[in-house]
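Observations on the three-dimensional arrangement
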Amino acid sequence: MKSFDPTGKGPIGVFDSGYGGLTILEHMLEAMPDNDFIYFGDNARTPYGTRSFQVVYEFTLQCVTRLFEMGCPLVILACNTASAKALRTIQQVDLPKMDPTRRVLGIIRPTVEIIDSLTETRHVGLLATPGTIKSLSYPLEIGKLYPDIKVTGESCPIWVPLVENGLAGSEGTDFFVRQHVERLLTKDPLIDTIILGCTHYPLLIDSIRKFVPERVNILCQGQYVAESLQQYLNRHPEMSARCTTGGTCRFVTTESAQTFLQQASVFLDSTDKLDVSTITFR
Ligand code: DGL
């Protein structure tokens, strides 16, 4: 087990299995322009959403460890699948052994907290990867805070590969988006709020809106996760003091830097000056 400097300062790590976490990162950069960030996309091994609990946990731990080695005192799992399947074990089992002063936070809790203010019918829909749906993390977390809310889930195994392959907005994508949205709303027609419980899905928002009635709210997580991170740092000045503030953002990927740049352009306004490097696991 490697040891880390418990007083070390560094950038905030933002992790996703692929490009989806960029939809979270963009809100963090907007809300916290002075902070330093490192975005880590495990693009060579994405998608995680169809993988087993053990594999998602092992991959996520490996990536978090690497972000710690790069100096991050705080890592955000900007991935619902990793938040659902790996966060708890990393927090409870691995962190105490690796470095109890570092923190790893997920994105399910900040999303769940906001749901109360959005739903009137108390019927909420969840679109997510098979892994997130199977984990039952959303219904369990929502049940703890708002036991009167009924959550109905629909797993969308093909949406992440469509996004990762740059097919958002295509006719083929519309077909699969429609299929899952209609299935969800047929399961529970009283749904008035849909959580996009996968960080890739905001990239499909135009297509999703075509098939969701106007009366239904669509919840994208980015803004709420960014706000929750700011609140966390306000409540934890010792952690805030360890997060460096040079206003930089760099990117690491397990794929080639060139592939990352090409694909990331689907997610970001401009990729001209991105600092991207490849990392490998031996
Ligand atoms: N973006 C991830 C999430 O929020 C999942 C992508 C994947 O399946 O790898 O769940």
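Up top is the structure these notes are about.
About the cut-offs
Residues numbered from 1 in each chain as written. Predicted model: local features only at pLDDT ≥ 70, side-chain atom pairs only at ≥ 80, totals over all residues. Heavy atoms only, no water. Phe/Tyr/Trp six-rings, centres within 6.5 Å; stacked < 30°, edge-to-face > 60°. Helix = DSSP H or I, 4+ residues; strand = E, 2+ residues; numbered from the N terminus. Buried < 20%, exposed > 50% of the residue type's maximum accessible area, 1.4 Å probe, protein only. Lys NZ or Arg CZ within 6 Å of the ring centre and 35° of its normal. Salt bridge = Lys/Arg side-chain N within 4 Å of Asp/Glu carboxyl O. Near = heavy atom within 4 Å. Polar contact = N/O pair within 3.5 Å; in protein donor to acceptor, adjacent residues only side chain to side chain. Areas by Shrake-Rupley, 256 points an atom, 1.4 Å probe, with all protein chains shown as cover. Contact = heavy atoms within 4.5 Å. Pairing = 2+ DSSP bridges. Axes fitted to C-alpha atoms, helices over the stretch in contact; angles between N-to-C directions. Disulfide = S-S within 2.5 Å.

**Some details on the packing of aromatic side chains**
Under the defined criterion, the tally for this structure stands at 10 aromatic pairs. Relative to Phe251, the ring of Tyr39 lies with its centre 6.0 Å away and its plane at 50°, an arrangement referred to as tilted. Of the two residues, Tyr39 is situated in strand β2 (residues 37-41) and Phe251 in strand β9 (residues 249-253); the sequence distance between them amounts to 212 residues. Considered together, Tyr39 and Phe251 belong to a single accessibility category, that of buried residues. Their ring planes at 45° and their centres at 5.8 Å tell us that Phe251 and Phe260 sit as a pair that is tilted. Residue Phe251 is classed as buried on the basis of its relative accessible area of 3%. The exposure class of Phe260 is buried, given its relative accessible area of 0%. Ring-pair connections join several aromatic residues into one group, and the members of that group are Phe15, Phe40, Tyr48, Phe59 and Phe281. Between Arg45 and the ring centre of Phe59, over which it is positioned, the NZ or CZ distance is 3.7 Å. Sitting above the plane of the Phe68 ring, Arg102 keeps its charged end 5.6 Å from the centroid.

**Let's talk about the pattern of salt bridges**
The full count for this structure, using the stated rule, is 13 salt bridges. Across the salt bridge formed by Arg45 and Asp42, the nearest N and O atoms sit 2.8 Å from each other. For Glu141, the salt bridge goes to Arg109, with nearest N and O atoms at 3.3 Å. Highlighted residues: Glu141 in helix α7 (residues 137-145) and Arg109 in helix α5 (residues 108-115), separated in sequence by 32 residues.

**Regarding the site of the ligand**
Lining the immediate environment of the ligand, one finds 14 residues, of which Ser17, Tyr48, Gly49, Thr81 and His200 sit closest. Contact between the ligand and Asp16: a nitrogen atom at 3.2 Å from a side-chain N or O atom of the residue. Ser17 is positioned with one of its side-chain polar atoms (N or O) 2.6 Å from an oxygen atom of the ligand. Compared with its free state, where it exposes 290 Å², the ligand has 99% of that area covered by protein.

**Quick word on the environment of Thr132**
The residue Thr132 is located in helix α6 (residues 130-135) in this model. Residue Thr132 is classed as buried on the basis of its relative accessible area, which comes to 1%. Each C-alpha atom of the pair Thr132 and Glu214 lies 26 Å from the other, and the pair is 82 residues apart in sequence. Beyond its immediate chain neighbours, meaning those up to four positions away, Thr132 contacts Asn80, Thr81, Ala84, Ser137, Tyr138 and Gly197. A polar atom in the side chain of Thr132 sits 3.4 Å from the backbone nitrogen of Thr81.

**Details of the sheet that holds strand β5 (residues 123-128)**
In space, the 4 strands of this open sheet follow the order β6-β5-β7-β8, with parallel pairing throughout. The outermost strands of the open sheet, each flanked by one partner alone, are β6 (150-155) and β8 (217-219). On average, each strand axis in the sheet is inclined to that of its neighbour by 25°, with strand direction left out of account. As paired strands, β5 and β6 are joined by 6 bridges and run parallel to one another. Residue pairing across strands places Val124 opposite Val151, the latter belonging to β6.

**Here we look at the side chain of Thr173**
Positionally, Thr173 belongs in helix α9 (residues 171-187). Excluding residues that lie within four positions of it along the chain, Thr173 makes contacts with Leu162, Leu167, Ala168, Leu204 and Ser207.

**Some details on the state of the cysteines**
Scanning all chains against the criterion turns up 0 disulfides. Not part of a disulfide, Cys198 finds its nearest cysteine sulfur in Cys79, a span of 6.9 Å. Note on Cys220: no disulfide assigned, nearest cysteine sulfur contributed by Cys198 at a separation of 11 Å. With a relative accessible area of 29%, Cys220 lands in the partly exposed category.

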